[in-house]
Amino acid sequence: MIVVIAEKPSVARDLAAFLGASGRRDGYFEGNGYQVTWALGHLATLKEPEDYDPSLKKWSLETLPIVPDRFELKAIADRGASSQLATVRKLLRGADEIIAATDAGREGELIVRYILELTGCTRKPARRLWLSSLTREAIRDAFDRLRPLAEYDQLYAAARCRSEADWLVGLNATRSQTVRQRPTGVLWSVGRVQTPVLALIVRRDEEIRTFRPEPFWELLTRYRGVVFSCTRGRFKAEEDAQEVLDRVRDHPLRILGVDRKRERVLPPQLYDLTDLQRDMNRRFGLSADETLKAAQSLYEAKLISYPRTDSRHLGNDMKGKLPGILEKLRAIKPEAVGALDLSSLSFSNRMIDDSKVSDHHAILPTGKTPGSLHPGAAKVFDAVVTRLIAAFFPPCIKEVTTVNATAAEVPFRARGIRVVDPGWTVLYPRKADDAKEEEQELPEFLPGESGPHEPSVRRGETSPPKPYTEATLLAAMETAGRFVEDEQLRDALKERGLGTPATRASIIETLLTRGYIVREKKSLAATDLGRFLIASIRSRPLTSPELTGDWEAKLREIERGRLDPRSFMGEIARFTRSIVGEGPEEPIDPTRLGDCPRCGRPVIAGKRGFGCSGWKDGCSFVLWREFQGVPLGEEQIRELLQRRVLTRAITVPEAGPVILRLADSGDLLPIPVPQKLPRRFGAAATASQTRSAGSPRSKTSRRRSASKPAPTEESNAAFAAIALGNCPRCGADVVEQPRSFSCKAWQSGCSFAIWKSISGKRISARTARTLLTQGKTALLKGFTSKAGKPFSARLKVEDGEVRLDFES
């Protein structure tokens, strides 16, 4: 008996029909020597911490990091999944041979390998079915090319490393962040991929919030109905622009020369998933998740090839199949296909390149004619069909004309574009308002001609960066935050992107569900909750797109057999230990204020504030001693300048408790402290939730998310508030926190704290109690100066501040 295991029932049904397994059973099809079953997405998952040790169910810093010596699996805790797993286990154990027919890619490989391991069937003979389409022809080709499952061991190694890395980083960072921010009452979700993506959005929002528009003036002139621009660029002062205007006003405009050249605009390349999602968002406002769901439904309806691909190319084996596909599409787009000579299609390396096809080729229509489609799926299908047809159309030929002129020795230039041959662009009609000013039609100009003109000055303002849309965010995720327009360079950076084409939509949806971002029409914006999370994360690398992109590149190297998985997981384990703070946090340097956020020079103290030492060179950064009526002490200024965030809240009139973030622009940005548990966080984060959206197709993992209660103040006994003494400022209790011994009335604005690390020395709870009750300590050894020299000193409380006392 040969057992075929697919990823979902619909695919199993198609495979069973092809194999002649027509008998329907409970959880599988049977017939002709085959049993065809399915997995419902993930049926197995990594164990939770409490599965290894029941004491790990309680969230506390003392138990972190949680790094299992060996990861173990368990069944998904869902009734439907458990029932199907029992069926699959029975079939696999009775099988003579197994054919793995889950989706052909990293996640599909993980699904079937986890099932084989959990059911104890890893030693049975097994082969891999690699499908790129669900048409009968594609299924036949795939069964003709069955390969030993062992040939995909490297793909499985990369998939398992991704799963375990997300578990380690997500679970430990989520627990660490939630426990450290316990007063907020929020379950903070942190992930290896989702948190750097959130940081991208927060950073862009910050740039927009702190942007200050600057006026500029442009000198234009109109001659023979054509607008010419002064080539000296923008003027920063209106007086300068007016001066040049007065100079040219009474002089004729003389044409110096006319330059014409032709430009060839090639058709766009075929779609990969990310480009399809970007295009659908740009043109129709579809979200990445909506596009993926539509594409998946089209794939299961045998209308398009496998959509979760990162390639925009085809292999040489597809050359002979494309004329037939296009012939079938003639019924859908007769005029467009009729313009092609299907007997002599032209192929270039922009389309055909075996070296750029890994798991799957670019998204293609199969040639099947659709029935009734819902609006989103209809748009996606039409886009895929049109993109394939456009790939064989001729390039668009444009004539670009540049006219250079002068008036009173002031240079001007006009530019016009005329479409000579629209080529492939006839398939994409443009709206009338899409035309740009430079595409103005130009009359015939002759060198040496001159005449009167109408000069004028136009005022404008610099524009802030645009907020992310899903289209631009997907582009940023694809290149780990690097903004690249060139297609070839973008393709080279793909391997260092954030997430994969299959997971990016779910990452965005996770951030929306968590309440960290919101949709505002087509734009994405960070919420106060998201901004607070990014500002309060103590490990900056956890928010780094570049680091996460490097990890993705290493996963690709594991797939290719060029990197040892143990080396990668060792790096992840070391990173996990660093983010939960096994060592002391880098202390604030008491010997200096900090560096200017604008230019990096040292900041110096003034009478009313703290300014950049480079003020003589034009740097105008100033940090005032007061923020919205709340005085800021020198220790708070140091923390802002050295860590760029003041995580101990201050209370601002009318706004309540806020933390302060020092932006790159030098602006202080208040971020409200969450005051209560958001409703959407009423369920606890299991390990699967705290990971970075790695299993976008697992329905059962979503259903089980509410199976455990949220960590509450009562469940975190490790943080019982034991008073060490009274606050010297307000008299409230001073209690232990993760990084300090601080006033319990911090939400009311009291910022008194005894840091657990002062000049490199760890301060114990006993020392803090002595300092609070007696006002000073005995002589303490173990302090370290900025120069690295050890010294001894007492700690004493003076005017509500903790100071070093060097008197013997």
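About the criteria used
- Sequence order as written defines residue numbering, which begins from 1 separately in each chain.
- Predicted model: local features are reported for residues with pLDDT of at least 70 only, side-chain atom pairs are reported and counted for 80 or more only, and whole-chain, interface and lining totals are derived from all residues.
- To obtain the side-chain values, all non-hydrogen atoms of the structure were included, while hydrogens and water were left out.
- The helix and strand labels rest on DSSP assignments: H or I over at least four residues marks a helix, E over at least two residues marks a strand, and numbering proceeds from the N terminus.
- Each residue gets one of three labels from its accessible area relative to the maximum for its type: buried under 20%, exposed over 50%, partly exposed in between, using a 1.4 Å probe on protein chains only.
- Contacts between residues were defined by any pair of non-hydrogen atoms, one from each residue, lying within 4.5 Å.
- For the accessible areas, the method is Shrake-Rupley and the probe is 1.4 Å, while residue cover comes only from the protein chains on display.
- The salt bridge criterion pairs a side-chain nitrogen of Lys or Arg with a carboxyl oxygen of Asp or Glu, the two atoms within 4 Å.
- Pairing of aromatic rings covers Phe, Tyr and the six-membered ring of Trp, with a centre-to-centre limit of 6.5 Å; geometry is then stacked below 30 degrees between planes, edge-to-face above 60, and tilted otherwise.
- A ring is considered to have a charge above it if a Lys NZ or an Arg CZ atom is located within 6 Å of its centre and within 35 degrees of its normal.
- Two strands form a pair only when DSSP identifies at least two bridges running between them.
- To obtain an axis, a line is fitted to C-alpha atoms, over the contacting stretch when the element is a helix, and the angle between two such axes runs from 0 to 180 degrees between their N-to-C directions.
- Oblique is the label for any angle not covered by the other classes, which are roughly parallel (under 35 degrees), roughly antiparallel (over 145) and roughly perpendicular (65 to 115).
- Classes in brief: Ala, Val, Leu, Ile, Met, Phe, Trp, Tyr, Cys and Pro nonpolar; Asp, Glu, Lys and Arg charged; the others, Gly included, polar.

A. Quick look at the overall build of the protein chain. For the protein chain, the count of helices and strands is 23 helices and 35 strands. Buried positions account for 54% of the 808 residues belonging to the protein chain. Here the contacts in the protein chain between residues at least 6 apart in sequence split such that 69% fall between residues at least 24 apart. On the protein chain, roughly 37000 Å² of surface is accessible, and the fraction owed to carbon and sulfur atoms is 48%.

B. Broad picture of the pattern of salt bridges. Taken as a whole, this structure holds 53 salt bridges when the rule is applied. Between Arg-519 and Glu-509 there is a salt bridge, with the nearest N and O atoms lying 2.7 Å from each other. With Arg-519 in strand E17 (residues 517-520) and Glu-509 in helix H16 (residues 504-514), this residue pair connects regions lying 10 residues apart in the sequence. Across the pair Glu-635 and Arg-638 runs a salt bridge, and its minimum N-O distance is 3.5 Å. Here Glu-635 and its partner Arg-638 are both found in helix H20 (residues 634-643), three residues apart, which amounts to about one turn of the helix. By relative accessible area, which is 37% here, Glu-635 ends up partly exposed. Taken together, the shared-partner salt bridges connect Asp-275, Asp-279, Arg-282, Arg-283, Arg-312 and Arg-387 into one network.

C. Local environment of the packing of aromatic side chains. With the rule as written, the count across this model stands at 14 aromatic pairs. Judged by centre distance (5.5 Å) and plane angle (85°), the ring pair of Tyr-299 and Tyr-306 falls under edge-to-face. Just as Tyr-299 is buried, Tyr-306 falls in that class too. Ring centres of Phe-783 and Phe-791 lie 5.4 Å apart, and the angle between their planes is 15°; on these two criteria the pair is classed as stacked. The buried category is assigned to Phe-783, whose relative accessible area is 0%. Positioned above the aromatic ring of Phe-284, the side-chain terminus of Lys-379 is 5.6 Å from the ring centre. In this arrangement the basic side chain of Lys-756 is found over the ring face of Phe-741, its NZ or CZ atom lying 5.4 Å from the centre.

D. Spotlight on the pairing of E17. Pairing of E17 with strand E18 (residues 523-526), which is carried by four bridges, proceeds in the antiparallel orientation. Bridging across to E18, Val-518 finds its partner in Ala-525. Connecting E17 to the next strand, E18, in antiparallel fashion are two residues, including Lys-521 with a positive phi near 60°.

E. The environment of Val-88, seen in detail. Looking at the element boundaries, Val-88 is found in helix H3 (residues 79-93). When the C-alpha atoms of Val-88 and Ile-5 are compared, they prove to be 8.1 Å apart, with 83 residues separating the residues in sequence. Dropping the residues within four chain positions of it, Val-88 is found in contact with Ile-5, Thr-37, Trp-38, Leu-43 and Ile-115.

F. Quick peek at unusual backbone geometry. A cis amide bond links Leu-64 with the next residue in sequence, Pro-65, at an omega value of 0°. Positionally, Pro-65 belongs in the loop between helix H2 (49-52) and strand E6 (73-75). Positive phi, close to 60°, is recorded for Asn-32, a residue that is not glycine. Structurally, Asn-32 can be placed in the loop between strand E3 (28-31) and strand E4 (34-38). By relative accessible area, Asn-32 is classed as exposed at 61%. Within the chain, Lys-302 stands out as a residue other than glycine whose phi angle is a positive 65°. For Lys-302, the position within the fold is in the loop between helix H10 (288-300) and helix H11 (322-329). Taking relative accessible area as the criterion, Lys-302 reaches 24% and is therefore assigned partly exposed.

G. Here's a closer look at the sheet that holds strand E28 (residues 733-736). Sheet architecture is open: four strands sit in the order E27-E28-E29-E30, paired in antiparallel fashion. Both outer strands of the open sheet, strand E27 (725-726) and strand E30 (753-755), are each paired with one neighbouring strand and no more. Pairing analysis gives two bridges linking E27 to E28, with the strands arranged antiparallel. Across the sheet, Gly-725 pairs through a bridge with Val-734, a residue of E28. Of the strands in this sheet, E27, E28, strand E29 (740-743) and E30 touch helix H23 (residues 765-774), which is tilted by about 145° from E30.

H. Summary view of H20. Among the residues of H20, Gln-636, Ile-637, Arg-638, Glu-639, Leu-640 and Leu-641 are the ones counted as buried. Phi turns positive one or two residues past the end of H20, at Arg-644, with a value near 70°.

I. Structural detail: the pairing of strand E11 (residues 226-230). Of all five residues in E11, four are buried, a share of seventy percent or more. Summarising the sheet, strand E10 (residues 215-223) and E11 pair through four bridges and their orientation is antiparallel. Looking at the pairing, Arg-222 lines up with Val-227 of E11. Where E10 hands over to E11, the hairpin turn is made up of two residues, of which Arg-224 adopts a positive phi near 55°. Sheet topology note: the E11/strand E14 (residues 410-421) ladder contains two bridges and is antiparallel. Following the sheet pairing, Ser-229 is matched in E14 by Arg-413.

J. A look at the sheet that holds E3. Taken together, seven strands build an open sheet; the order of strands is E2-E3-E4-E1-E7-E8-E9 and the sheet is mixed. This sheet does not close on itself; its edge strands, each paired only once, are strand E2 (23-25) and strand E9 (147-148). The pairing of E3 with E4 spans four bridges and is antiparallel. Residue pairing for E4: Tyr-28 is matched across the bridge by Thr-37. With respect to the sheet, H3 is in contact with strand E1 (2-6), E3, E4 and strand E7 (97-101), its orientation differing from that of E4 by roughly 150°.

K. Main features of the packing of helix H1 (residues 9-19) against helix H5 (residues 136-144). Running from amino to carboxyl end, H1 crosses H5 at an angle of 75°, the nearest separation of the two axes being 11 Å. Looking at the two axes, H1 sits roughly perpendicular to H5. For the pair H1 and H5, contact is made by Asp-14, Leu-15, Ala-17, Phe-18 and Leu-19 and by Arg-136, Ile-139, Arg-140 and Phe-143, respectively. The class makeup of the residues in the contact of H1 with H5 is six nonpolar, no polar and three charged.

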